[in-house]
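What follows is each chain in one-letter form.
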Amino acid sequence: MRLLHTSDWHLGRAFHRVNMLGAQAEFIGHLVATVREHGVDAVVVSGDVYDRAVPPLAAVELFDDALHRLADLGVPTVMISGNHDSARRLGVGAGLIGRAGIHLRTEPAACGTPVVLTDAHGDVAFYGLPYLEPALVKDEFGVEKAGHETVLAAAMERVRADLATRAPGTRSVVLAHAFVTGGEASDSERDITVGGVASVPAGVFEGVDYTALGHLHGCQTITERVRYSGSPLPYSFSEADHRKTMWLVDLDADGAVTAERVDCPVPRALARVRGTLEDLLADPRLAPHEEAWVEATLTDAVRPADPMARLTERFPHTLSLLFDPDRAPDDPDVSYARRLAGRGDQEIAEDFVAHVRGAGPDERERMVLRDAFDAVRADEAVREVAR
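Quick notes on the rules
Residues numbered from 1 in each chain as written. Predicted model: local features only at pLDDT ≥ 70, side-chain atom pairs only at ≥ 80, totals over all residues. Heavy atoms only, no water. UniProt positions renumbered as here; feature names shortened; annotations may be inferred. Salt bridge = Lys/Arg side-chain N within 4 Å of Asp/Glu carboxyl O. Helix = DSSP H or I, 4+ residues; strand = E, 2+ residues; numbered from the N terminus. Buried < 20%, exposed > 50% of the residue type's maximum accessible area, 1.4 Å probe, protein only. Polar contact = N/O pair within 3.5 Å; in protein donor to acceptor, adjacent residues only side chain to side chain. 1 Å grid on protein atoms, 1.4 Å probe; cavity = no way out; pocket = protein on both sides within 12 Å on 5 of 7 lines; lining within 4 Å. Points joined across faces, edges and corners; volume = space filled by probe spheres on them. Nonpolar A, V, L, I, M, F, W, Y, C, P; charged D, E, K, R; others polar. Expected span 1.5 Å × (residues − 1). Contact = heavy atoms within 4.5 Å. Pairing = 2+ DSSP bridges. Axes fitted to C-alpha atoms, helices over the stretch in contact; angles between N-to-C directions.

The name recorded for the chain in an unreviewed UniProt entry is Nuclease SbcCD subunit D, from Streptomyces gilvifuscus. Taken verbatim from the UniProt record of the chain, the Subunit (unreviewed entry) comment is "Heterodimer of SbcC and SbcD." In its Sequence similarities (unreviewed entry) section, the UniProt record describing the chain reads: "Belongs to the SbcD family."

This is how it looks when you write it as C-alpha cells:
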C-alpha cells in the first residue's frame, strides 16, 4: 500500500505580512497531482490543518476545496486534528464526510478505532491520535499524571489492544501530533511543554508498522518507521534551510517500510543575511538572495538611518529587520531580547526570581511555577475549544 504522508498545512497563516493563501492553494493542487501521478492508495494528514481554532473564511473555503478534490480522486484520506486546530470544529460532519472517503479523527476516545483499508495483501488499520492536550484528556485515558508521554502511552495501549484482535498479518499505521524525542524544532511551532517536558520517546509507538507524525515543521526521520513530514510551506525564517516535502511511503505485504521525499512547490526562497548595512548593500556574494524573502540582521554599532528603505532597494522582499550590534555577551547594552533568546517561560520566570530575590527558586518553588504555567496552557486550550 502506497501512502502520502503530509501535515501542518496551517491554512490561513501568513508568513510575516505575506498572505500565504495562494501558496497554500498551489500546494493543495500539487498534493492532488502527486496522488494521481504516483498511484497513491491513501493520504494521511497528521494535524494542524488550520492555523487557529477559528480560521478565516478563506481558509475554510480552501479546506472545503481540498476535501472535494481528494474525494473526487476516490483515494481514501485520513486526517487528525493538531494543537492549532479546534478538534470539535474540524470534526463537524465527520460521519457524513467519511462516506466520501475522507476520515476525520478528532476524538481522543476513538484512538483505538481504526479506519481499515484493504489492498491485495490484506488489511491496513489506520489509527488516528489527534493532538492530546494532557490536562484535557487524562481522565479519558485514566492516567493520574497529566503528561504527554503518559497520555500518548495510554492511547497507544488502546491501539495495540485493538490490533491484537485483528487477523494475523494486519498492517498498521498511526497518525499522531506530538513532539517526539530526537526531532528538531523551529521557531514556528507552538510550545506544547507540560510539566517542563515537551517531547516523548519514539518507543511509545512501538508495535506499529508506520507512524506518521505532525507538529514539527522540518521533514525528518526519527526512525525508519517514525517520521515527520514537516510543513509544506515555511512559516518562520528558522526554516530557511528546510527542504519542504511530503513522504511517499510504501508498506509491503509484511509491513516493511520504504520512503522517499516528494518536493513541494516553493513560492519564494528564504534567506537570512547578517552584517552592517553597508556590507549587506555591497556584498556581491548576496546577489542570489535579491529575489528571496529576506530576514536581515544589522550589526552596526549605531542604528543607521532608514535601514529598511535602503535594504529594500537591493532586497525588495525584505520582511524582517533585526538589530544585533556586535558586543560582548556581558556588555550591559546587550538587548533584552538577545539575553532571553532560546530561553523558555520557566527559565525566564526562574531568572526573574533570582534577580529580585538574590537567589533562584528551590525545587518546591520550581514546581509551583511549572504548575502555574501548565494551568495557564490548559486554560488557553479550554478557551480555544469553547470559542
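Alright, that's what it looks like, and here's the rest.
Draft legend 1. Main features of the pattern of salt bridges. Summed over all chains, the structure comprises 18 salt bridges. Across the pair Asp 119 and Arg 171 runs a salt bridge whose closest N-O atoms are separated by 2.6 Å. One end of the pair, Asp 119, is in strand 7 (residues 115-119); the other, Arg 171, is in strand 9 (residues 171-177), with 52 residues separating them in the sequence. The exposure class of Arg 171 is buried, given its relative accessible area of 1%. One salt bridge connects Arg 166 with Asp 162, and the closest N-O pair in it is separated by 2.7 Å. For Arg 166, a relative accessible area of 31% translates into the label partly exposed. One connected set of salt bridges, linked through shared partners, spans Arg 274, Asp 324 and Asp 326.

Draft legend 2. Broad picture of unusual backbone geometry. Although it is not a glycine, Asp 48 sits at a positive phi angle of roughly 55 degrees. Overall, the relative accessible area of 1% leaves Asp 48 in the buried class. Phi is positive for Asp 306, close to 45 degrees, though the residue is something other than glycine. Topologically, Asp 306 is positioned in the loop between strand 16 (293-298) and helix 8 (307-314). Note on Asp 306: relative accessible area 57%, which makes it exposed.

Draft legend 3. Local environment of the environment of Asp 252. Looking at the element boundaries, Asp 252 is found in the loop between strand 13 (245-251) and strand 14 (257-263). Judged by its relative accessible area of 35%, Asp 252 falls in the partly exposed class. Along the primary structure Asp 252 and His 121 are separated by 131 residues, whereas in three dimensions their C-alpha atoms are 8.2 Å apart. A distance of 2.9 Å separates the side chain of Asp 252 from the backbone nitrogen of Gly 255, its partner in a polar contact.

Draft legend 4. Quick peek at empty space enclosed by the protein. Taken as a whole, this structure holds 2 cavities of 30 Å³ or more when the rule is applied. One number sums up the size of the largest cavity: a volume of about 60 Å³. Broken down by secondary-structure element, the contributors of at least two residues to the lining of the largest cavity are helix 6 (148-164) and strand 9. Tallying contributions element by element places helix 6 first for the lining of the largest cavity, with 3 residues. A breakdown of the residues in the lining of the largest cavity according to their chemical character gives 9 nonpolar, 2 polar and no charged.

Draft legend 5. Summary view of helix 6. For helix 6, with 17 residues, the first-to-last C-alpha span of 24 Å sits near the 24 Å given by 1.5 Å per residue. Of all the residues in helix 6, the buried ones are His 148, Val 151, Leu 152, Ala 154, Ala 155, Met 156, Val 159, Asp 162 and Leu 163.

Draft legend 6. Structural view of the side chain of Ser 229. Mapped onto the secondary structure, Ser 229 falls in the loop between strand 12 (226-228) and strand 13. Residue Ser 229 is classed as buried on the basis of its relative accessible area, which comes to 1%. Separated by 2.9 Å, the side chains of Ser 229 and Ser 7 make a polar contact. Excluding residues that lie within four positions of it along the chain, Ser 229 makes contacts with His 5, Thr 6, Ser 7, Leu 213, Cys 219, Thr 245 and Trp 247.

Draft legend 7. Spatial organisation of helix 1 (residues 21-37). Relative to the 24 Å expected for 17 residues at 1.5 Å per residue, helix 1 spans 24 Å between its end C-alpha atoms, a close match to the ideal helical length. The secondary structure elements touched by the buried residues of helix 1 are strand 1 (2-6), strand 4 (42-46), helix 2 (57-73), strand 13 and strand 14. Immediately downstream of helix 1, the backbone of Gly 39 shows phi near 60 degrees, a positive value.

Draft legend 8. Summary view of the sheet that holds strand 17 (residues 318-323). Spatially, the 3 strands line up as an open sheet ordered 15-16-17, and their pairing is parallel. A strand with exactly one partner marks an edge of an open sheet, and here the two such strands are strand 15 (270-275) and strand 17. Here the strands of the sheet are splayed against their neighbours by 15 degrees on average, with no regard to which way each runs. Pairing geometry for strand 15 and strand 16, over 6 bridges, is parallel.

Draft legend 9. Looking closely at the sheet that holds strand 9. Judged by pairing direction, the sheet is mixed, and its 6 strands sit side by side in the order 7-8-9-10-12-11 without closing on themselves. Two strands in the sheet have a free side with no partner beyond their single neighbour: strand 7 and strand 11 (220-223). Across the sheet, the mean angle from the axis of one strand to that of its neighbour is 20 degrees, orientation sign disregarded. As judged from the 3 bridges shared by strand 10 (residues 210-214) and strand 12, these two strands associate in the parallel manner. Its bridge partner being in strand 12, Leu 213 is matched across the sheet by Tyr 228. The strands that helix 6 touches are strand 8 (122-129) and strand 9; relative to strand 8, the one it contacts most, it runs at about 160 degrees.

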